[in-house]
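Structure at a glance
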Amino acid sequence: MKANIVILPGDGIGPEVTAAAVECLRAVAKNHGHDFQFAEHLLGGCAIDTEGTALPESTRAACLAADAVLLGAVGGPKWSDPKAKVRPEQGLLGLRATLGVFANLRPIKVHARAAALSPLKPERLAGVDILFVRELTGGVYFGEKTRTPEAASDLCRYSVIEIERVLRRAFEFAQARRRKLTSVDKANVMETSRLWRETAVRIAAEYPDVKLEHQLVDSMAMLLLTRPADYDVIVTENLFGDILTDEAAVLCGSLGLPPSASLGAGKVGLYEPIHGSAPDIVGQNKANPLGTIASAALLLRYSLNLEAEAQALEAAISATLDAGIFTPDLGGTYSTQQVTAAVLEQLQ
Ligand code: NAI
Ligand code: MG
């Protein structure tokens, strides 16, 4: 098949890890007879430096016209003056809004060798396979903000439509997996959470084969560490999802490993590792490329509908970890390029 993929290397280690993922996608295309075209565009701090805006119009147009978008990371100390008018994160939030990607998927699968580096006991981690579905375009991040010298406020607002559409995605993923859905809220204190829970209960009638349970977010934060293997699909709103998915990444052994996919009603999905631009290791050939390569596998699965190719790439990542070919974040001595070469060799 033919596919146009926009690459947004971004800032910091972004260019290093996206280059690795593009090499892997090229290898997959060659092995399976596909024609993938790649076009690089600016987003984040690098776009601010040259264009004066974090999301240039040319980037926006290219992403809307693409089949899928693969992003490295944005941000860094150079652009983090709190008084700055333009900030790299605006590029990311703007892109998510432009693409209408309301469901952020973060699969948390624990690889046995890498998980040995997790602070949790190995027996707790055995069999962990969670799919987080985080609402991405609503809630407190997008609500009205106010500021006076004495006080500040951030409004948390959710419409029924916003809640329904992300819950439906989560139920559908649960149907295709182990048919258990955990909906996370704070319904004992927050009105948006009460609406969320009522909506979940109502929608559940459409998915009688899925077992729905509710957890309060504070208790979920504990359960993720004490009983992570008990969960299948976990769905939650934007802020709770941001925090819980970072917590869950710890189970994997390194922030450099988990991938993410952001999907909406439109055809264009946005794929990125969950880590940031890692300014402390930029340019040292030390960045773990596997989170971005795993994000490329999700791109094959969800945007291009190439399940066999996605599985082949995931198997190559897993085999690389099995062989102990680790970057320094996992306690190894291999470089970004050496790990990438190992994945490419597995793909042969
Ligand atoms: P970070 O994820 O960039 O780094 C946290 C720690 O993890 C650092 O020690 C870093 O070296 C390490 N790390 C991250 N990714 C790694 C990888 N692939 N391989 C090896 N080690 C890795 O988070 P931090 O330091 O809080 O933020 C740095 C910058 O990134 C900030 O400007 C922040 O705003 C931005 N950021 C961007 C995100 C995005 O573009 N989606 C997400 C999170 C942060
Ligand atoms: Mg976060």
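Only a predicted model underlies this, so the values are computations on that prediction, with no experimental measurement involved.

Thoughts on the domain arrangement of the protein
For the protein, the assigned domains are domain 1 (1-102 + 257-348) and domain 2 (118-252). Placing a centre on the C-alpha atoms of domain 1 and another on those of domain 2 gives a separation of 24 Å. Listed by partner, the interface residues are 8 residues for domain 1 and 9 residues for domain 2. Here the side of domain 1 that touches domain 2 is built from residues that sort into 6 nonpolar, 1 polar and 1 charged.

A few points about the nonpolar core
Core analysis: the biggest nonpolar cluster contains 101 residues, and V69, L70, Y271, I293, A296 and L313 have the highest contact counts within it. If you count residues domain by domain, this core takes at least three from each of domain 1 (1-102 + 257-348) and domain 2 (118-252).

Notes on the sheet that holds strand β8 (residues 180-185)
Here 10 strands make up an open sheet; going across it, the order is β2-β1-β3-β12-β11-β4-β5-β10-β8-β9 and the pairing mixed. Both outer strands of the open sheet, β2 (35-40) and β9 (211-216), are each paired with one neighbouring strand and no more. Averaged over all pairs of adjacent strands, the angle between their axes in this sheet comes to 25 degrees, without regard to strand direction. Inspection of the sheet shows β8 paired to strand β10 (residues 233-236) by 4 bridges, in the parallel sense. When the sheet's bridge partners are listed, S183 is paired in β10 with V235. Together, β4 (103-109), β5 (129-135), β8 and β10 form the strand contacts of helix α7 (residues 160-176), whose direction differs from that of β5 by roughly 165 degrees.

Points about the pairing of β10
Residue alternation in β10 divides its side chains into two sets, V233 and V235 and I234 and T236, and both sets are buried. Sheet topology note: the β5/β10 ladder contains 4 bridges and is parallel. Counterpart to F132 in the pairing with β10 is I234.

Describing the site of ligand 1
If you check the shell around ligand 1, you find 23 residues, and the closest are G75, G256, H275, G276 and N288. Here the shell around ligand 1 is composed, by residue class, of 10 nonpolar, 10 polar and 3 charged.

Digging into unusual backbone geometry
Note on backbone geometry: most residues besides glycine have negative phi, and most peptide bonds are trans. The backbone phi angle of R179 is positive, close to 60 degrees, even though this residue is not glycine. Among the structural elements, R179 can be located in the loop between α7 and β8. Note on R179: 14 C-beta atoms within 10 Å, which makes it partly exposed. If you check the backbone angles, N305 has positive phi at about 60 degrees while not being a glycine. Tracing the chain through its elements places N305 in the loop between α11 (290-302) and α12 (307-322). Overall, N305 belongs to the exposed group, with 10 C-beta atoms counted inside 10 Å.

Here's the deal with the packing of helix α9 (residues 217-226) against helix α10 (residues 238-249)
The relative placement of two packed helices comes down to the angle between their axes together with the axis-to-axis distance. Where α9 meets α10, the closest approach of the two axes is 10 Å, and the angle between their N-to-C directions is 10 degrees. Between α9 and α10, the angle falls in the class roughly parallel. From α9, V217, M220, A221 and L224 reach across to α10, where they touch F240, L244, E247 and A248. Per-class residue counts for the contact of α9 with α10 are 7 nonpolar, no polar and 1 charged.

Remarks on the confidence of the model for the protein
Model confidence for the protein is summarised by a mean pLDDT of 96, while 100% of its residues fall at 70 or above. The ipTM, which scores confidence in the relative placement of chains, is 0.98 for this predicted complex, and the corresponding pTM is 0.95.

Reading the values: rules and limits
Residues numbered from 1 in each chain as written. Chains lettered and ligands numbered in written order. Predicted model: local features only at pLDDT ≥ 70, side-chain atom pairs only at ≥ 80, totals over all residues. Domains from an automatic or database assignment. Contact = placed C-beta atoms within 7 Å. Nonpolar A, V, L, I, M, F, W, Y, C, P; charged D, E, K, R; others polar. Core = buried A, V, L, I, M, F, W, Y, C linked by C-beta atoms within 7 Å. Buried ≥ 20, exposed ≤ 12 C-beta atoms within 10 Å, placed from the backbone. Pairing = 2+ DSSP bridges. Helix = DSSP H or I, 4+ residues; strand = E, 2+ residues; numbered from the N terminus. Axes fitted to C-alpha atoms, helices over the stretch in contact; angles between N-to-C directions. Near = placed C-beta within 6 Å. Parallel < 35°, antiparallel > 145°, perpendicular 65-115°, else oblique. pLDDT = per-residue confidence, 0-100.

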